[in-house]
Amino acid sequence: MKETIIEIKNLKYAYTSDKPALRGIDVTIGKGERIAVIGSNGAGKSTFFLNLNGVLTPDSGEIYFKGQKLTRDKKDLNTLRKSIGIVFQDADNQIIASTVMGEVSFGPMNLKLPREEVVRRVDEALEYMNITDFKDRPPHYLSGGEKKRITIADIIAMHSEVIVFDEPTAALDPLNAEMLEEVLEKLAAQEKTMLISTHDVDFAYRWAERALVFCDGQIIADAPPVEIFNDAEILRRANLKKPMMLEVYNAMVAKGMLPDDQAYPKDVAAFKHLLGA
Ligand SMILES: Nc1ncnc2c1ncn2[C@@H]1O[C@H](COP(=O)(O)OP(=O)(O)OP(=O)(O)O)[C@@H](O)[C@H]1O
């Protein structure tokens, strides 16, 4: 069992009195876990993330970070925002500075780090996201995918222990989505705890070791992706589709073309390996 980093107990949140967005979320997150947060539009994924990093205040429930119960006082909120970085769904909600460089420096400067450390972190984050060439440009005049890469660099430069990505690949072209997966690998090697909300079931299946399925403000399943994507009832309730790789694998097993040994290849390379190709 991994060391617990975050524990959430009975978290509830409503934007308006007529319809709660979160109806009681209970979840424990281990250090270094890669978690996909999936579910249909309006299920509560973004609301969960915004409560998790202190942007929204829960109506009730508790959040513990490394065993410490967090309150709404300034010190706890600072701990929360420093330790749990969030890449927002809409980049325009995150970007505040007038140049890319200024934007990515903003977080580390607020941490009151020495200047050289700020410069080192910013250079590293720009390089990670392949945006060094944009550093003097105003972020507001970049494309949607370019802005997204800047907001990811913002969070990388913070060196947060937990990183929450709200649909990071939605605005990215295939090449940049692939590059993001390489960045995620580097972050995983640094033992970062990552939660990613996504509608890309192929990505969730390939990348995550655990998936949380949100449906109407509740978590209706919490299991390894292969278990979730093989559960027809969960897929139906949460409006999810089966990942392509799993669909093909299951069809080939059903036809007797592959042994039923639950090999479950995650990507094309693993599938080819299974076929001996
Ligand atoms: N600012 C807001 N004011 C009022 N209601 C909101 C607001 N933001 C979200 N909601 C409502 O809260 C519920 C949960 O929304 P949320 O954005 O958390 O869903 P989501 O799972 O992230 O959806 P998506 O996949 O579309 O991003 C929805 O019913 C939504 O209409």
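Our structure is the block above this text.
Note that the structure is a prediction, hence the values are computed from the model and not measured.

A.B. asks: What is the right way to look at the packing of aromatic side chains in this model?
C.D. replies: To describe a pair of aromatic rings, you give the distance between the ring centres and the angle between the ring planes. Summed over all chains, the structure comprises six aromatic pairs. Taken together, the ring pairs connect Phe48, Phe49 and Phe214 into an aromatic cluster. A cation over an aromatic ring shows up here: Lys186 above the ring of Tyr128, its NZ or CZ 4.4 Å from the ring centre. When the ring centre of Tyr205 is taken as reference, the NZ or CZ atom of Lys266 above it lies at 5.7 Å.

A.B. asks: For this particular structure, what's the right way to read the site of the ligand?
C.D. replies: Taken together, 14 residues form the shell around the ligand, and within it Gly42, Lys45, Ser46, Thr47 and His199 come nearest. Lys19 is positioned such that a nitrogen or oxygen atom in its side chain is 3.3 Å from an oxygen atom of the ligand. Within the contact set of the ligand, an oxygen atom lies 2.7 Å away from a side-chain nitrogen or oxygen of Lys45. For the ligand, whose unbound accessible area comes to 640 Å², protein coverage reaches 63%.

A.B. asks: Can you walk me through the side chain of Arg210 in this structure?
C.D. replies: Inspection of the secondary structure puts Arg210 in strand E9 (residues 210-215). Given the relative accessible area of 12%, Arg210 is considered buried. Reaching out from Arg210, the side chain makes a polar contact with the backbone oxygen of Thr28 at a distance of 2.9 Å. Look past the residues within four positions of Arg210 in its chain and what remains in contact with it is Val27, Thr28, Ile29, Glu33, Arg34, Ile35, Ala36, Asp222, Ala223, Pro224 and Pro225.

A.B. asks: Could you clarify how one ought to interpret the sheet that holds strand E3 (residues 34-38) in this entry?
C.D. replies: Strand pairing in a sheet takes place through backbone hydrogen bonds and is either antiparallel or parallel in direction. Taken in spatial order, the six strands of this open sheet run E6-E7-E8-E3-E9-E10, and their pairing is mixed. Strand pairing shows two members of the sheet lacking a second neighbour, strand E6 (84-87) and strand E10 (218-223), which therefore form its edges. Along the sheet, successive strands turn relative to each other by an average axial angle of 20°, direction set aside. One ladder, built from four bridges, connects E3 with E9; its direction is parallel.

Basis of the calculations
For every chain, the first residue of its written sequence is number 1, and the numbers climb from 1 along that sequence. A pLDDT threshold of at least 70 governs which residues receive local features in this predicted model, and a stricter bar of 80 or more applies before side-chain atom pairs are shown or counted, although totals over entire chains, interfaces and linings include all residues. To get the side-chain values, take all heavy atoms of the structure and skip hydrogens and water. A pair of aromatic rings is counted whenever rings of Phe, Tyr or Trp (Trp by its six-membered ring) have centres within 6.5 Å, and the orientation is called stacked for planes under 30 degrees apart, edge-to-face for over 60 and tilted otherwise. Should the NZ of a Lys or the CZ of an Arg lie within 6 Å of a ring centre and within 35 degrees of the ring normal, that charge is described as sitting over the ring. Nearness is defined per residue: one heavy atom within 4 Å of the molecule or strand is enough. We call two N or O atoms a polar contact when they sit within 3.5 Å, provided that within protein one can donate a hydrogen and the other can accept it, with sequence-adjacent residues counted only if both atoms are side-chain atoms. Per-residue accessibility takes into account occlusion by the displayed protein chains alone, with areas from the Shrake-Rupley method and a 1.4 Å probe. Strands are runs of DSSP state E lasting at least two residues, helices are runs of H or I lasting at least four, and both sets are numbered from the N terminus onward. Burial here depends on accessible area, computed with a 1.4 Å probe over protein chains only, as a share of the maximum for the residue type. Under 20% is buried, over 50% is exposed, and the range in between is partly exposed. Note on contacts: a residue pair is in contact if any heavy atoms of the two residues lie within 4.5 Å. Pairing between strands is defined by DSSP: at least two bridges between the two strands are required. Convention adopted: a line fitted to C-alpha atoms gives each axis, helices being fitted over their contacting stretch, and angles between N-to-C directions are expressed from 0 to 180 degrees.

Distances and angles like these do not, on their own, reveal function.
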